Amino acid sequence: MVTIIGGGIAGTVLGGALARQGEPVTMYERQRRGAEGGAFLFVDGRGHSVLHELGVADEVVDAASFPVTALEYAGSDGRRAAMSRGHRFWLHSSLMRVLGEFLGTSGADVRYGQAVTGVALDGGETRLTHGDGSSGTADGTVIAADGIDSVVRARLEPDRVPVYAGDVVLYGRTEDPLALDTDAQILHFFAELDETGSAASTFGHIWRPGDAAHWFIRIARDPLDGPDDLGMRPTEEWRDTVLRATPSITDMVETLLDRTDSVHVSNARDVPLDTAAPPTLPVLLIGDADHAITPAAGVGARDALEDAHAVYTALTTGTCPAEAMSLRRTTILEDRQRALRNRASVSR
């Protein structure tokens, strides 16, 4: 028996894959069925390999997303770099629709609109409290995939709280199709460097013929006042801030701003791994509940998928899922260090 708390990327794909192998699965998700959120994301070849191995049909993936030819990096100092790792562009809503259908046809017991508000470990039992005040025992392994503000992590590791990662992030989408001077179906990154050579802002955009253009910007600054996620805001509220942060590419940014009515605004946050308690059963944290990372080229989505794959493999082969998550943490930290070195080499 497996109980999954949270129906985001990691929890949904894990639940669907386990149930298709005959494992009894119960999943609790606080939002109603079909609720949509998020903006867009990029998942690389590693992430799509996981989707394939867990049983999500390739043709379904191909129909719901489109390939990204390359990722191109440029800096305001004139330096450039490019890479291609099998990325595909996804609307967050499209990815969750695909995963939701994968879960919904798996035979799992999915309880939408039922929040888990508390968890207690008592004599080897795991008791869950729900938003309506009811409670019950969760048999077997409990997988907490309940996001960056994880209720379960707050109970198990109350001192490991999300921290501001140094950037405010905006996501935008033009209201109609838009062709730009840049190459289509390439994710373009532009780093506005400060006097120390660090990125004061990073602006990214992608477009393809006949479709809306999508863009985002990370601005290094003090965090937002109030909530960490302001949700959708009128573009005009942030227009001047975005233009001040992108003086080297003003014309292109103005074109995108002019065609975008609203933007999603949030603080980028991380969940520290250096102070994490070792993964132990019967309750495991995965995905953003364990190791959120600031938005960057689909790494967060890939990490969630690879967590799900590691736990799935352990549970279906009789090995220890806690050890699998311990190995995942090592891989994640190594990947982050490699990414930092790569970014440093581009900015030099």
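Up top is the structure these notes are about.
The model shown is predicted, which means the values in this text are computed figures rather than measured ones.

Colleague: Could you clarify how one ought to interpret the overall build of the chain in this entry?
Modeller: Tallying secondary structure elements over the chain gives 10 helices and 19 strands in all. Taking 2.2 N^0.38 as the reference for a compact globule, 348 residues should give roughly 20 Å; the C-alpha atoms of the chain span a radius of gyration of 20 Å, in line with that estimate. With respect to the principal axes defined by its C-alpha atoms, the chain has extents near 60 × 40 × 35 Å. A total of 348 residues make up the chain; the buried ones form 48% of that total. Restricting to contacts in the chain with at least 6 residues of sequence separation, those with at least 24 account for 72%. Averaging the positions of the 32 positive and the 50 negative side-chain charges in the chain gives two centres separated by 2 Å.

Colleague: It is not clear to me how the pairing of strand 14 (residues 186–193) should be interpreted in this structure. Could you clarify?
Modeller: Consecutive side chains along a regular strand alternate between the two faces of the sheet. Counting buried residues in strand 14 gives eight out of eight residues, a clear majority hidden from the surface. Both strand 5 (residues 70–75) and strand 14 contribute to a ladder of six bridges, which runs parallel. Counterpart to Ala 74 in the pairing with strand 14 is Phe 190. Judged from the six bridges that link them, strand 14 and strand 15 (residues 199–206) form a sheet pairing that is antiparallel. By the bridge assignment, His 188 is partnered in strand 15 with His 205. Joining the antiparallel neighbours strand 14 and strand 15 is a turn of five residues, in which Gly 197 adopts a positive phi near 90°.

Colleague: What is the right way to read the sheet that holds strand 14 from this model?
Modeller: Hydrogen bonding along the main chain pairs the strands of a sheet, whether they run parallel or antiparallel. Strand order in the open sheet made by the eight strands is 6-5-14-15-16-13-18-17, with mixed pairing throughout. If you trace the sheet from one side to the other, it starts and ends with strand 6 (80–83) and strand 17 (229–234), each paired once. Sheet twist, expressed as the average angle between the axes of neighbouring strands with direction ignored, equals 20°. Together, strand 13 (163–177), strand 15 and strand 16 (212–220) form the strand contacts of helix 7 (residues 250–258), whose direction differs from that of strand 15 by roughly 60°.

Colleague: Looking at this model, I keep getting lost on the pattern of salt bridges. Mind explaining?
Modeller: A side chain with one charge may pair with a side chain of the opposite charge, provided their charged atoms come close. Considering all chains together, one arrives at 22 salt bridges under this definition. Across the salt bridge formed by Arg 88 and Asp 62, the nearest N and O atoms sit 3.7 Å from each other. Of this pair, Arg 88 sits in strand 7 (residues 88–91) while Asp 62 sits in helix 3 (residues 58–64), and the two are 26 residues apart along the sequence. Arg 269 is paired through a salt bridge with Asp 149; the nearest N and O atoms lie 3.0 Å apart. Here Asp 149 lies in the loop between strand 12 (141–144) and helix 5 (151–156) and Arg 269 lies in strand 18 (residues 262–270), a separation of 120 residues in the sequence. One connected set of salt bridges, linked through shared partners, spans Asp 44, Arg 46, Arg 302, Asp 303, Glu 306, Asp 307, Arg 328 and Asp 335.

Colleague: Explain the pairing of strand 1 (residues 2–5) to me, please; I cannot follow it from the model alone.
Modeller: Because side chains alternate across strand 1, one face comprises the buried residues Val 2 and Ile 4, and the other comprises Thr 3 and Ile 5, equally buried. Bridge analysis of strand 1 against strand 12 gives four bridges, and the strand direction is parallel. Directly across from Thr 3, in strand 12, lies its bridge partner Val 142. Relative to strand 2 (residues 25–29), strand 1 is paired through four bridges, and the arrangement is parallel. Note on strand 2: the bridge partner recorded for Ile 5 is Tyr 28.

Colleague: Sorry, what's going on with the sheet that holds strand 12 here?
Modeller: Across the sheet, which stays open at both edges, the five strands sit in the order 8-2-1-12-19 with parallel pairing between neighbours. The open sheet has two free edges, formed respectively by strand 8 (109–112) and strand 19 (283–285), since each of these has just one partner strand. Between one strand axis and the next, the sheet turns through 15° on average, direction left out of account.

Colleague: Quick question: what am I supposed to make of the nonpolar core here?
Modeller: Side chains of a nonpolar character, in soluble globular proteins, are inclined to be buried together. The biggest cluster of nonpolar side chains holds 38 residues, and the ones touching the most others in it are Ile 9, Val 13, Leu 14, Val 56, Leu 99, Ile 143 and Ile 286. Of all the secondary structure elements, the ones that give two or more residues to this core are strand 1, helix 1 (9–20), strand 2, strand 3 (40–43), helix 2 (45–54), helix 4 (92–104), helix 9 (299–317) and helix 10 (321–347). Looking at which element gives the most residues to this core, the answer is helix 1, with seven residues. When residues no more than four places from it in sequence are discounted, the contact partners of Val 56 are Val 13, Leu 51, Val 61, Val 98, Leu 99 and Phe 102. In this structure, Phe 190, Ile 217, Leu 257 and Val 263 belong to the second largest nonpolar core, which totals 24 residues.

Basis of the calculations
- Residues numbered from 1 in each chain as written.
- Predicted model: local features only at pLDDT ≥ 70, side-chain atom pairs only at ≥ 80, totals over all residues.
- Heavy atoms only, no water.
- Helix = DSSP H or I, 4+ residues; strand = E, 2+ residues; numbered from the N terminus.
- Rg over C-alpha atoms; globule rule 2.2 N^0.38 Å.
- Buried < 20%, exposed > 50% of the residue type's maximum accessible area, 1.4 Å probe, protein only.
- Contact = heavy atoms within 4.5 Å.
- Lys, Arg positive; Asp, Glu negative; His and termini not counted.
- Charge placed at Lys NZ, Arg CZ, Asp CG, Glu CD.
- Pairing = 2+ DSSP bridges.
- Axes fitted to C-alpha atoms, helices over the stretch in contact; angles between N-to-C directions.
- Salt bridge = Lys/Arg side-chain N within 4 Å of Asp/Glu carboxyl O.
- Core = buried A, V, L, I, M, F, W, Y, C linked by side-chain atoms within 4.5 Å.

Without other data, these values stay purely geometric and don't point to any function.
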